[in-house]
Amino acid sequence: MQGIGSRSWVTGIALVLSLVIAGCAAPRGPAPVEDRGTMSKAPSATPTTPGGPLVTTDANGKPLAGIENYGKPGYYAVRPGDTIRRIGTDTGQRWQDVAKWNNLDNPDLIEVGQVLRVIPPGSTAVAGGPSSTDASGVITRPVVPQSTIGGPAPATGSAMAPTPAATGQASAAATPTKPPVTTSSVASAAAASGDEDVGWIWPAQGSLIAGFDEAKNKGLDIGGKVGEPIIAAADGRVVYAGAGLRGYGNLIILKHNNTYLTAYAHNQTLLVKEDQSVQKGQKIAEMGNSDADRVKLHFEIRRQGKPVDPARYLPSR
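The shown structure was predicted, so the numbers you read here are calculated from the model rather than taken from an experiment.

In the predicted model, the protein carries a mean pLDDT of 72, and 58% of its residues have values of at least 70. Across residues 19-53, confidence stays below pLDDT 50; counting only partners more than four residues off in sequence or on other chains, it has 33 contacts. Contacts for the low-pLDDT stretch residues 127-186, under 50 throughout, to residues beyond four places or in other chains number 59 contacts.

Written as structure tokens, this is what we have:
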């Protein structure tokens, strides 16, 4: 009897434990989610999807820096993954100048959606010139001196006064009109300034191992051996020398004029410094494989910030 009672007691305890466990395992509703208002205050002036609404405040409700210039020619809206150095490279400016023009105390601290000036104060971006607009709404346009925009100033004074016999229609016809600025006129302005007369040479002597592909390869890849000389493809000034741009390794960027830049990537050794002037044919680096799968030079030519096929500009060989 005592054994039977003991077994009943044990069975009762097991039954209670089973009920407790079953109660703990029973499905419950989802835990409440705290709404911190992140949807109403997204930290970006760039729409998360193409065509999305423009957001002008950060997570704290504070207006993003420079938002009043969003979409204007000569300004750039910071996108995810951007650095001040990459922005300088893409816009053809020294990153130090971009930081100065925007009063950035710490150039490494920029926010997504922040709008930065990427042309010198007092310069004017050409309206209607060649531009590129991506899904983020970023607009980039070439910069030309103020004096080249709109052609000559209209005459004033007596030269513009209609004669008594002139009709209103004739007077209107006599008024000069400014021709619209088109892509061809911008190209003509570049040609007139001598920007197109660069006189390119090949930056390395190795064989061509990869050509230009607008989607996959923004320049030419030239093979060679470690330590072979890399030379400047034209006269210019060093606007970047370092390894701060992912995918380029040890990189040099030369600015040749207001139209053209060249980039020399994956070097083993850099032999020039920023702000240094270089001459065509001057040795500026030694070939290497920094941030690359093999020893090579990746060479780019950028016209008004846009990569172009270097083979169209370099002499045949």
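Within the structure shown, the criterion is met by three aromatic pairs. When the ring of Y260 is compared with that of Y313, the centres are 5.7 Å apart and the planes differ by 70°; the resulting orientation is edge-to-face. A residue pair is termed long-range when its members are at least 10 positions apart, and Y260 in strand β12 (residues 260-270) and Y313 in the segment after β16 (306-308) qualify at 53 residues. Given the relative accessible area of 1%, Y260 is considered buried. What makes Y313 partly exposed here is its relative accessible area of 22%. Taken together, a centroid distance of 5.3 Å and an interplanar angle of 55° make the contact between Y264 and F299 tilted. Taken as a pair, Y264 in strand β12 and F299 in strand β15 (residues 296-303) lie far apart in primary sequence, 35 residues in all. For Y264, a relative accessible area of 0% translates into the label buried. Among the aromatic residues, those joined into a cluster by ring pairs are W200, Y260 and Y313. Its guanidinium or amino end placed over the ring of W95, R85 lies 4.3 Å from that ring's centre, counting from NZ or CZ. Over the face of the ring belonging to W202 we find R317, whose NZ or CZ atom lies 3.8 Å from the ring centre.

Moving on to the pairing of strand β8 (residues 220-223). In β8, alternate side chains face the same way, and those of L220 and I222 on one face and D221 and G223 on the other are all buried. Note: strand β7 (residues 208-210) against β8, two bridges, orientation antiparallel. Bridge assignment links A210 to a residue of β8, and that residue is D221. Relative to β15, β8 runs antiparallel, the two being bridged by four bridges.

This paragraph deals with the pattern of salt bridges. Per the counting criterion, the structure on display carries eleven salt bridges. Where R237 meets D275, a salt bridge forms, and the shortest distance between an N and an O atom there is 3.4 Å. Of this pair, R237 sits in strand β10 (residues 236-242) while D275 sits in the loop between β12 and β13 (277-278), and the two are 38 residues apart along the sequence. With a relative accessible area of 28%, R237 lands in the partly exposed category. Here E286 and K283 are joined by a salt bridge, their closest N and O atoms 3.3 Å apart.

A few words on the nonpolar core. W200, I230, I252, L254, Y264, I284 and L297 are the most contacted members of the largest nonpolar core, which totals 26 residues. Secondary-structure elements contributing two or more residues to this core are β8, β11 (250-255), β12, β14 (283-287) and β15. Formed by 21 residues, the second largest nonpolar core is a distinct cluster that contains I84, L104, L116 and Y240.

Moving on, we get to unusual backbone geometry. Of note, N103 is a non-glycine position whose phi angle comes to about 55°, a positive value. By secondary structure assignment, the location of N103 is in the loop between α3 (95-101) and β2 (115-117). Despite not being glycine, D275 shows a phi value in the positive range, around 75°.

On to the side chain of K296. With respect to the helices, strands and loops of the structure, K296 is situated in strand β15. Within the local environment of K296, its side chain forms a polar contact with the side chain of D221, the two groups lying 3.4 Å apart. Those residues in contact with K296 that lie beyond four places of it in its chain are I209, D221, I222, G223, A265, H266, M287 and G288.

Procedures and definitions
- Residues numbered from 1 in each chain as written.
- Predicted model: local features only at pLDDT ≥ 70, side-chain atom pairs only at ≥ 80, totals over all residues.
- Heavy atoms only, no water.
- pLDDT = per-residue confidence, 0-100.
- Contact = heavy atoms within 4.5 Å.
- Phe/Tyr/Trp six-rings, centres within 6.5 Å; stacked < 30°, edge-to-face > 60°.
- Helix = DSSP H or I, 4+ residues; strand = E, 2+ residues; numbered from the N terminus.
- Buried < 20%, exposed > 50% of the residue type's maximum accessible area, 1.4 Å probe, protein only.
- Lys NZ or Arg CZ within 6 Å of the ring centre and 35° of its normal.
- Pairing = 2+ DSSP bridges.
- Salt bridge = Lys/Arg side-chain N within 4 Å of Asp/Glu carboxyl O.
- Core = buried A, V, L, I, M, F, W, Y, C linked by side-chain atoms within 4.5 Å.
- Polar contact = N/O pair within 3.5 Å; in protein donor to acceptor, adjacent residues only side chain to side chain.

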